[in-house]
Protein chains: 2
Amino acid sequence: MAGEWATFGADLHLELRGPRLRAGLMDALREAVRSGRLTAGTRLPSSRSLAADLGVARNTVADAYAELVAEGWLTARQGSGTRVARRAEPRTAARPSRVSAPVLALPRPSAPAHDLKAGSPDLASFPRSAWLTAYRRALTAAPNEAFGYGDPRGRIELRTALAEYLARARGVHARPERIVVCAGFVHGLMLMGQVLRGRGVRDVAVESYGLGLHAGLLTGAGLGTPVLPFDERGTRVEDLAVQGPVGAVLMTAAHQFPLGGALPPDRRTAVVGWARASGGFVLEDDYDGEFRYDRQRVGALQGLDPERVVHLGTASKSLAPGLRLAWMVLPESLVGEVVAAKGAVDWAPGAPDQLAFAEFLGSGAYDRHVRAMRLRYRRRRDQLVAAVAAHSPRIRVSGIAAGLHAVLALPPGTEQAVLRAAAWHGLAVQGVHQFRRPTVPATLDGLVVGYATPPDSAWQSALATLVRVLPE
Amino acid sequence: MAGEWATFGADLHLELRGPRLRAGLMDALREAVRSGRLTAGTRLPSSRSLAADLGVARNTVADAYAELVAEGWLTARQGSGTRVARRAEPRTAARPSRVSAPVLALPRPSAPAHDLKAGSPDLASFPRSAWLTAYRRALTAAPNEAFGYGDPRGRIELRTALAEYLARARGVHARPERIVVCAGFVHGLMLMGQVLRGRGVRDVAVESYGLGLHAGLLTGAGLGTPVLPFDERGTRVEDLAVQGPVGAVLMTAAHQFPLGGALPPDRRTAVVGWARASGGFVLEDDYDGEFRYDRQRVGALQGLDPERVVHLGTASKSLAPGLRLAWMVLPESLVGEVVAAKGAVDWAPGAPDQLAFAEFLGSGAYDRHVRAMRLRYRRRRDQLVAAVAAHSPRIRVSGIAAGLHAVLALPPGTEQAVLRAAAWHGLAVQGVHQFRRPTVPATLDGLVVGYATPPDSAWQSALATLVRVLPE
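Residues numbered from 1 in each chain as written. Chains lettered and ligands numbered in written order. Predicted model: local features only at pLDDT ≥ 70, side-chain atom pairs only at ≥ 80, totals over all residues. Heavy atoms only, no water.

Peer 1: I keep staring at unusual backbone geometry and nothing clicks. Help me out?
Peer 2: Excluding glycine, a negative phi dihedral is what most residues carry, and trans is how most peptide bonds are arranged. Residue and element names in this part refer to chain A. Of note, the bond from Phe 257 into Pro 258 is cis; its omega dihedral lies within 30 degrees of zero at 5°. Summarising the element assignment, Pro 258 is placed in the loop between strand 8 (248-251) and helix 10 (265-278). Of note in the backbone geometry, Arg 324 takes a positive phi value of approximately 55° without being a glycine. Inspection of the secondary structure puts Arg 324 in the loop between strand 10 (309-314) and strand 11 (326-329). On the basis of relative accessible area, Arg 324 is assigned to the buried category, the value being 7%. (Helix = DSSP H or I, 4+ residues; strand = E, 2+ residues; numbered from the N terminus. Buried < 20%, exposed > 50% of the residue type's maximum accessible area, 1.4 Å probe, protein only.)

As C-alpha cells, this is what we get:
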C-alpha cells in the first residue's frame, strides 16, 4: 500500500507544483477512483503521511479530502479513516479517461450522510397528492390551444393566479400582463441581463455575499458586477450613489442570501430612491419571501415602486426546484423587451405544469402547503437555535427568523477547520466564504446551515452531527 | 364613413410614404383597432377605394388586409367585405398607445376561420387521459431527489427511455449519457450555437428554405448562416466542400422543411463525408421523423456517424408543443461543452414532465399515440391529394408522403394571389416565400399546407376552403 501511494505521489509530483495544489490533488484522486486504480472501500493514507509523501502542506491534503467527501467520492468516519466511497451507479463501458467532457465522466456521487447545504426545501415534503389533484383538474379543463405554442409571457391562467397571490401575500403590485413566467429564477435573471445589456447598461451592482452563479450570469451577458459594501445593517445601498454609473442592482432585500438579514426600512427607501433618481432598476430576488417566522412579514420591495423594481419569485423553495417554475413582475417599460428576448427562444415551463400551478394557487393548496412547511421549518430552526445554545453558547445563530437557512457565526479563523470537521463526519454544509464575492475582505467566519434540506427522518441526526463539529 | 376614412387616410399620409408602405398601413390599421377608433364589426372600405384615398397601389392595401386577416385583426368573407374582427379578450385598462412593448399591446387575435398553417399537430388530439395516467404513475414512483435541482442533461429515466426509443424507431445510436433533454428544439439549437461559437466556428450553413427563427438563433449566437443551394433532388450538400470554412450545417434531412423532400442516399453519405473530412458537424433537425406514410421510413442521419451528427428531436409534433420537451443526441466530443452551456442556466422541462414522458415512452403509450396520429394524418393527406387532383388537376402535391404538411406547387407568379384569396376566405395558410432565405432566388411558387393543424371537426371545411382558393 505504501509503495502504491509513493508511486501515486511520484506520478503526480510535477502536477502538484504551482498555485492549484489542492485542485490538482483532487483531480488526481478523482481520476484514480474513476479509473479503478482506487476501488470502493480502499482506505487512504492519513493526510499527514500523504502530505509528507507529496511534499505539500498537510492542510492541502486535508482540504482536498474534505471536499471530496462532500462531493461523495470519499467517505470519512471517525475511527475508520478516509475511504473511497461506494458509488451509486455502476461505471459504464470503458471510456477514455480525462475526456473533454468532465461532467460526463463524473459518476453520480453517493449522497453525503448528512445534508445541511442551503438552497433546497425538504424534497420529501413535496405535496405529491395535492399537486396531482391540481394537475388532473388543470389538464382536464385545459383548452386545446394550451397544448400549442403559447404566449411567451406564459399561460394567462397562471399569470392571473400569480397576480392575485403576489398582491395578497407579498404586497406586489402585479397585473397579469406584466408577469412573465420563467423556467427558474436564473432564466429570469438571464433575460434581465440580456435586456439591460441591450439598453446599454454596463454594470449591475451585486451584494457582498451571494451566489456566484447569479453574478456569473450577469457577467455572461456582458455586464460588470461591482460589489456593494456590507455593514452590520446589511448592504450599503447608499453607496450606489457614489458607485459610478450602475444600471441596476441585484438584491435579496427581504432576506439577504446567505447572511440572513432583512434590509432595514431606510435602506429599502434609499435603494428605490436611487433607482428613481438614476433611472436604474432594482432586481429583487424574493426567493423565500413566504417563509418568515417571528416578525411581521416584510412586503416585497416592488410595492414601493413597481416601475423601478423587477420582482423575481420562484416556486423552487416553496414547492420544489424540479418544477422549474418562476416568475417576474416587470415595470411596464421593460415588458416589451423582456417578452422579445424570451419570445425569440420560446422557453417556458410546460403548459400543463403552468395550468396545474394556477389551479394549485387558486384552490388554496399553495397557501396550505406553505403554511405547513412554515411550521415545520420554524420548528427546525427553533431546534437548531436551542441545540447550538446548549452545546456552543458562544456561537450566535444570526439572520432574521425566516427562510430555509441560518448562519452560525464562528470564532474568527475557525471556518475552514469546522468545515473540515463537518466533512470528516459526513456532513455536507457550506461556509460563508463560499458565498463571498472575490473582492470582499474575509471579515466573517460562519456556517450557512440549510435546515430545510434534509427530510424529517434525517433532520435530528444531521443536527446532532452539526452540533458535534462546532467549536466549544 | 367615407369622411372618416378620408381623414384616416390623410392622417397617415406621411407615414405611408417610403419603402414599407404595406407595413405602415398595417400598423396604422392595428393601431386604429387597438385604440377603438375602429370597432368590431366595422366594415372597411374596399381595397380599391382605400388605395385611391391613400394614393397607393391596390395590391398594397389588399396584401395588408390579407395579412391582418391572417393575424386575426380583420375578417373577410365573400359578400360581406372586410370587417374588424371581434377580439377574443377584452381590452385591459387604457394604456398609452404605441408603447415600447408592441407584443403587450397586441390583443389576442381571434382565430382564423380555417387554419392550415404548418408547424402544429392537431392539438385536440393530445392524449390527455393517457398522459395523465403516465404523469400519475411517474409522480407516484418518483424518488424524492427528482424534485430537486437535477442533472443538467435531464432525468436519467427519460434519457434511458429515449435511448431505447430512438434506437428502435429512428436508428439513432443513442446512449443515455449522450442525451441532453431540452425545453424545445430551439433551446437545443441555441445551446449548439453557443458551443460552436465557443469553439471558434464562424459559419453554420443552412438550407435554402427553412424557418427564419432557426437561422436567427444562430445569428444571435454570433454565427454567419451561409445558404446551401437547392435543386430538384434537395439541398446541394456537395457545395459544402466549396463553401469555404463552415463549422456545421443545419439540415432537415429526413423531411425537408417546408419543401418536403427526403435527402437522397448519395447526399446523406456526402454530407456526413464532408463532416468527417472537415471536422464539421451536421445538426439534424428530425422534427417529424415518426410520420412517414408510404415508403419505408428513412433512419436518422445520425446513424451514419454518431460522432459527426447532432440529432435533435422533439415531442412538439408527435405530442404537443405546449409540453416543451425535446432532446439532443450528441457526439461524445460535444457532451461536456453542451452540458456546461446548459448547466450554467439550468433550464429544463420540469422533472415531473420528464418522468411522465419516460413512463409514456416506456409503457408503449407513445407508440400507440404516434400510430394513431399517423393513420389520421395519412388519411388527411390522402384527402388533400384527392381533393386537389379533382379540383385543380394541374397543381401537384409535392414532397414525400410524410410529416404534418404538404407543399402545393402553384403556377409561377400566382402565390401571392392565392394567399390573398385564402385570407379573403378566412383561411390561414403560408406560402413558400415565407420560408425562403433572403438571398435565395424566388423560383418556386407554392402553398405550405399544414394538414395536421385543424381538429377533425374543422378539417373538411378547411380543405374545402383551400380547394376553393386554388387556381383552376
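Back to the write-up after that little detour.
Peer 1: Teacher, can you tell me more about the packing of aromatic side chains here?
Peer 2: Two aromatic rings are characterised by how far apart their centres lie and by the angle between their planes. On inspection of all chains with the given rule, the structure shows 25 aromatic pairs over all chains. Ring centres 6.4 Å apart and planes at 75° place the aromatic pair Phe 360 of chain A and Tyr 366 of chain A in the edge-to-face group. By the burial criterion, Phe 360 of chain A is buried, and Tyr 366 of chain A matches it. Taken together, the ring pairs in this structure connect Phe 126, Trp 131, Tyr 165, Trp 327, Phe 357, Phe 360 and Tyr 366 of chain A together with Phe 147 of chain B into an aromatic cluster. Geometry around Phe 281 of chain B places Arg 308 of chain B over its ring, the cationic atom sitting 4.4 Å from the centre. (Phe/Tyr/Trp six-rings, centres within 6.5 Å; stacked < 30°, edge-to-face > 60°. Lys NZ or Arg CZ within 6 Å of the ring centre and 35° of its normal.)

Peer 1: Just checking my understanding: could you explain the packing of helix 7 (residues 156-170) of chain A against helix 12 (residues 351-362) of chain A for this structure?
Peer 2: The axes of two packed helices give the description: the angle between them and the distance between them. All names here are of chain A. In the contact formed by helix 7 and helix 12, the axes pass within 8 Å of each other and the chain directions differ by 35°. In terms of crossing hand, the pair formed by helix 7 and helix 12 is left-handed. In this structure, helix 7 contributes Glu 157, Leu 158, Ala 161, Leu 162 and Tyr 165 to the contact, and helix 12 contributes Gln 354, Leu 355, Phe 357, Ala 358 and Leu 361. Class assignment for the residues of the contact of helix 7 with helix 12 results in 8 nonpolar, 1 polar and 1 charged. (Axes fitted to C-alpha atoms, helices over the stretch in contact; angles between N-to-C directions. Left-handed = near helix turned anticlockwise from the far one by under 90°. Contact = heavy atoms within 4.5 Å. Nonpolar A, V, L, I, M, F, W, Y, C, P; charged D, E, K, R; others polar.)

Peer 1: Just to check I follow, could you spell out the nonpolar core for this structure?
Peer 2: Inside soluble globular proteins, nonpolar side chains tend to come together where they are buried. Counting 140 residues, the largest nonpolar core has Trp 131 and Phe 357 of chain A together with Trp 131 and Phe 357 of chain B as the members making the most contacts within it. Once you skip the residues sitting within four places of it in the chain, Trp 131 of chain B turns out to touch Tyr 135 and Leu 139 of chain A together with Phe 126, Leu 319, Leu 323, Leu 325, Asp 353, Ala 356, Phe 357 and Phe 360 of chain B. In terms of nonpolar packing, the next biggest core, distinct from the first, is built from 31 residues, Cys 182, Leu 191, Val 201 and Ala 221 of chain B among them. (Core = buried A, V, L, I, M, F, W, Y, C linked by side-chain atoms within 4.5 Å.)

Peer 1: Mind showing me how you'd approach helix 14 (residues 415-424) of chain A here?
Peer 2: Think of an α-helix as 3.6 residues a turn; residues three or four steps apart then line up on the same face. Residue and element names in this part refer to chain A. Those residues of helix 14 that fall on the buried side of the exposure criterion are Glu 415, Val 418, Leu 419, Ala 422 and Ala 423. Projected onto a plane normal to the axis of helix 14, the buried residues spread over an arc of 140° and lie on a single side. At the C-terminal side of helix 14, Gly 426 shows a positive phi close to 75°. (Arc of directions from axis to C-beta.)

Peer 1: Please clarify how the pattern of salt bridges should be interpreted in this entry.
Peer 2: Side chains that differ in sign of charge can pair as their charged atoms come close. A complete count under the given rule lists 50 salt bridges over all chains for this structure. Here Asp 122 of chain B and Arg 380 of chain B are joined by a salt bridge, their closest N and O atoms 3.4 Å apart. Of the two residues, Asp 122 of chain B sits in the loop between strand 3 (114-115) and helix 6 (128-141) while Arg 380 of chain B sits in helix 13 (residues 365-391), which places them 258 residues apart along the sequence. Its salt-bridge partner being Asp 382 of chain B, residue Arg 378 of chain B comes within 3.9 Å of it at the nearest N-O pair. Taken as a pair, Arg 378 of chain B and Asp 382 of chain B lie in helix 13 at a separation of 4 residues, close to a single helical turn. When its relative accessible area of 34% is taken as the criterion, Arg 378 of chain B is described as partly exposed. Here the salt bridges share partners, and the residues they tie into one network are Asp 231, Arg 236, Glu 238, Asp 239 and Arg 267 of chain A. (Salt bridge = Lys/Arg side-chain N within 4 Å of Asp/Glu carboxyl O.)

That's the geometry; what it means functionally is another story.
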